[in-house]
Amino acid sequence: MKLGTIIYQGKTKKGKIIKIRYPTEEDFEKAMIFINTISKEQTYITFQGEQLSLEDEKKYLLPFYKQIEEDKAVKLFVFHNEELIGVSDVVPQERTSSHVGTFGLLIKKEYRGEGIGKQLTQIILDEAKKLNEIRIIHLGVFGDNQLALELYKKMGFMEYGILPHGAKHKDHYDDHIYMYKLNS
């Protein structure tokens, strides 16, 4: 896969024009701003207020870019105008689990409810089918994130386990639900 390749251009349910594409090295600062914004929201992600530096973001993304170019991982960015508003990826695990890809999805708060998450999930799953090594895609989701649970079930993910109180969200512990889907 080629960095910067545009996968989709169109409109959201509310008529906002979006572009979905693979990232480029010019996206480092936008990616840092995006993750720091999402982290401040303390939404259903592992980041709960932490802030990354530009150097931290580069260290995270550069190895990812190599995996993308080698057709081992998928990462897509969603833009409205020039603002990064969504990110999704499928990342291979290591060694004996390298055939299992971990799925992630993030949409900025003010763009949720426009169908971007569902559309991006379908596109990322389609792109992941091009990864010959990935046979299974799995994810973890906070138990009280009902919207995400419903979306993942609609997209064909099946629950395979629950870690009671496995995720800390703000000031309480929530179940961490694990789901998977065959990559075929």
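The sections below set out a description of the structure shown in this document. Predicted, not measured: the structure shown is a model, and the values here were computed from it.

What counts, and where the lines are drawn
- Residues numbered from 1 in each chain as written.
- Predicted model: local features only at pLDDT ≥ 70, side-chain atom pairs only at ≥ 80, totals over all residues.
- Heavy atoms only, no water.
- Phe/Tyr/Trp six-rings, centres within 6.5 Å; stacked < 30°, edge-to-face > 60°.
- Lys NZ or Arg CZ within 6 Å of the ring centre and 35° of its normal.
- Helix = DSSP H or I, 4+ residues; strand = E, 2+ residues; numbered from the N terminus.
- Buried < 20%, exposed > 50% of the residue type's maximum accessible area, 1.4 Å probe, protein only.
- Contact = heavy atoms within 4.5 Å.
- Pairing = 2+ DSSP bridges.
- Axes fitted to C-alpha atoms, helices over the stretch in contact; angles between N-to-C directions.
- Salt bridge = Lys/Arg side-chain N within 4 Å of Asp/Glu carboxyl O.
- Right-handed = clockwise from strand over helix to strand, strands pointing away.
- Patch = residues over 30% accessible without salt bridge, like charges linked within 9 Å, V, L, I, M, F, W, Y side chains within 5 Å.
- Areas by Shrake-Rupley, 256 points an atom, 1.4 Å probe, with all protein chains shown as cover.
- Lys, Arg positive; Asp, Glu negative; His and termini not counted.
- Charge placed at Lys NZ, Arg CZ, Asp CG, Glu CD.

## A few points about the packing of aromatic side chains
Enumeration over the complete set of coordinates arrives at 8 aromatic pairs. Looking at K75, its charged tip hangs above the ring of F64, at a distance of 4.4 Å from the centre.

## A closer look at the environment of E127
Looking at the element boundaries, E127 is found in helix α3 (residues 116-128). Judged by relative accessible area, which is 6%, E127 ranks as buried. Taking C-alpha positions, E127 is 9.3 Å from A73, a pair spaced 54 residues apart along the chain. Leave out the neighbours within four places in its chain, and E127 touches M1, I7, Y22, V74 and L76.

## Comments concerning the sheet that holds strand β8 (residues 172-182)
Spatially, β1-β2-β3-β4-β5-β6-β8-β7 is the arrangement adopted by the 8 strands of the open sheet, whose pairing is mixed. Whereas interior strands pair on both sides, the edge strands pair on one side only; in this sheet they are β1 (6-11) and β7 (158-169). Between one strand axis and the next, the sheet turns by 20 degrees as a mean value, whatever way the strands run. Pairing geometry for β7 and β8, over 8 bridges, is antiparallel. Each residue of the ladder has a partner; that of G161, found in β8, is Y178.

## A look at the pattern of salt bridges
Applying the stated criterion across every chain yields a total of 12 salt bridges. The partner of E110 in a salt bridge is K108, with the nearest N and O atoms 3.7 Å apart. Overall, the relative accessible area of 47% leaves E110 in the partly exposed class. Salt bridges sharing partners connect three or more residues here, namely K66, E70 and K72.

## Some details on the pairing of β8
Consecutive residues of a regular strand have side chains that alternate between opposite faces of the sheet. With 7 bridges joining them, strand β6 (residues 136-142) and β8 adopt antiparallel strand pairing. Each bridged residue has a counterpart across the sheet, and for G140 the counterpart in β8 is Y178. The loop that links β7 with its antiparallel partner β8 comprises 2 residues; one of these, K170, has a positive phi angle of about 55 degrees.

## Brief notes about the pairing of strand β5 (residues 100-107)
Where strand β4 (residues 83-92) meets β5, 7 bridges bridge the pair, whose relative direction is antiparallel. Each residue of the ladder has a partner; that of S88, found in β5, is L105. Inspection of the sheet shows β5 paired to β6 by 3 bridges, in the parallel sense. The residue of β6 that forms the bridge with T102 is H138. Each parallel crossover has a hand, and for β5 linked through α3 to β6 it is right-handed.

## Looking at a positive patch on the surface
Taken together, the side chains of K13, K14, K118 and K154 define a basic patch exposed on the protein surface. A relative accessible area of 66% places K154 in the exposed class.

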